[in-house]
Amino acid sequence: MKLLENEGEFNMFHKKISYFLVLTFCFLLFLPSCSNNVDTPEQSIQRVLTTIFTCPDNEEKEYGKILNKNKYSLEQENSQTEIAEAEKRMQEHLCQKYSKDDFTEAYYNSLFKHLYTSLAFPTMCILNEAEISPISVTVEKDATTNIYLYTAKLNVTKGDSNPIEITQTGRVQTDGDGHIAFIDLDDSTLFNALS
């Protein structure tokens with residue numbers, strides 16, 4: 001009879017240990033997801049550039065349709081209204097697409113201006129019915145400044161033509177906290193591929 005009591009106690013002890021080990025394993029498994037993982041400036045810049053160079057998305061295509069529809073009647077009030085509404089939707093879309101934490105406040109608030117006015121490449125992309133998809137984006141910090149140099153290998157497809165691979169290079173300026181203050185997208189390689 002004494003043996004059964006010890007065996008029962010042993011089984012109860014074994015169950016408690018098993019539950020404890022399972023709970024500990026689950027805690028350790030989910031612990032990394034609770035930690036505050038903050039991207040390095042290089043990771044943040046790489047993520048933002050990969051998003052920028054994935055162009056156009058559906059909202060950008062809709063914006064392009066409105067620009068193309070109204071490009072010959074820009075002086076008419078209804079065209080100006082339609083374009084202004086499309087620009088507002090694009091600004092809202094950019095706020096959903098990009099994290100405010102990656103940018104300085106001033107640059108984040110002017111993303112539309114930097115990406116979609118004049119002949120910035122996303123506008124050229126949607127007007128010329130081209131598509132861009134990144135193959136790779138690498139980022140390296142300049143040793144003495146808050147400037148990061150990037151190299152983006154991209155596939156560019158215009159209409160039904162086969163994709164061509166290009167390499168776009170540029171600079172990204174950050175503030176002292178690693179927030180993006182300016183992205184240089186002026187390398188003529190991409191512009192030439194979209195023209």
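Predicted, not measured: the structure shown is a model, and the values here were computed from it. Positions within a chain are numbered from 1, following the residues in the order the chain's sequence is written. Only residues with pLDDT of at least 70 get local features here, since the model is predicted, and only at 80 or more are side-chain atom pairs given and counted; chain-wide, interface and lining totals rely on the full set of residues. To obtain the side-chain values, all non-hydrogen atoms of the structure were included, while hydrogens and water were left out.

Novice: Mind laying out the overall build of the protein chain, listing which residues take part and the relevant values?
Specialist: When helices and strands are counted, the protein chain shows 8 helices and 4 strands. Comment: elements are numbered from the N terminus, with helices defined as DSSP H or I runs of at least four residues and strands as E runs of at least two. From first element to last, N terminus to C terminus, the protein chain shows the α and β order α-α-α-α-α-α-α-β-β-β-β-α. Type-normalised accessible area, obtained with a 1.4 Å probe on protein chains alone, sets the label of each residue: buried when under 20%, exposed when over 50%, and partly exposed for intermediate values. Counting only residues that meet the buried cut, the protein chain has 33% of its 195 residues in that class. Residue contacts follow a heavy-atom distance rule, with two residues in contact if any of their heavy atoms lie within 4.5 Å. Residue pairs at least 24 apart in sequence account for 54% of intrachain contacts in the protein chain once pairs closer than 6 positions are excluded. The method behind every accessible area is Shrake-Rupley, applied with a 1.4 Å probe, and residues are considered shielded solely by the protein chains displayed. For the protein chain, the accessible area works out to roughly 12,600 Å², and carbon and sulfur atoms hold 55% of it.

Novice: Can you explain the nonpolar core? Please cite residues and give values.
Specialist: To define a nonpolar core, start from buried Ala, Val, Leu, Ile, Met, Phe, Trp, Tyr and Cys residues and group those joined through side-chain atoms within 4.5 Å. Ranked by internal contacts, the top residues of the largest apolar core, which has 43 residues, are Phe53, Tyr98, Phe121, Ile132, Ile183, Leu190 and Leu194. When residues of this core are assigned to their parent elements, the largest contribution, 5 residues, is made by strand β2 (residues 147-158). Excluding residues within four positions of it along the chain, tyrosine 98 makes contact with Val48, Thr51, Ile52, Phe103, Tyr108, Leu111 and Leu115.

Novice: Talk me through the confidence of the model for the protein chain; I want residue IDs and the actual numbers.
Specialist: For the protein chain, the average pLDDT comes to 82, and 79% of its residues sit at 70 or higher. Every residue in residues 26-36 scores below 50 in pLDDT, and together they form 1 contact with partners more than four places removed in sequence or on other chains. pLDDT runs from 0 to 100 and stands for how confident the predictor is about each residue.

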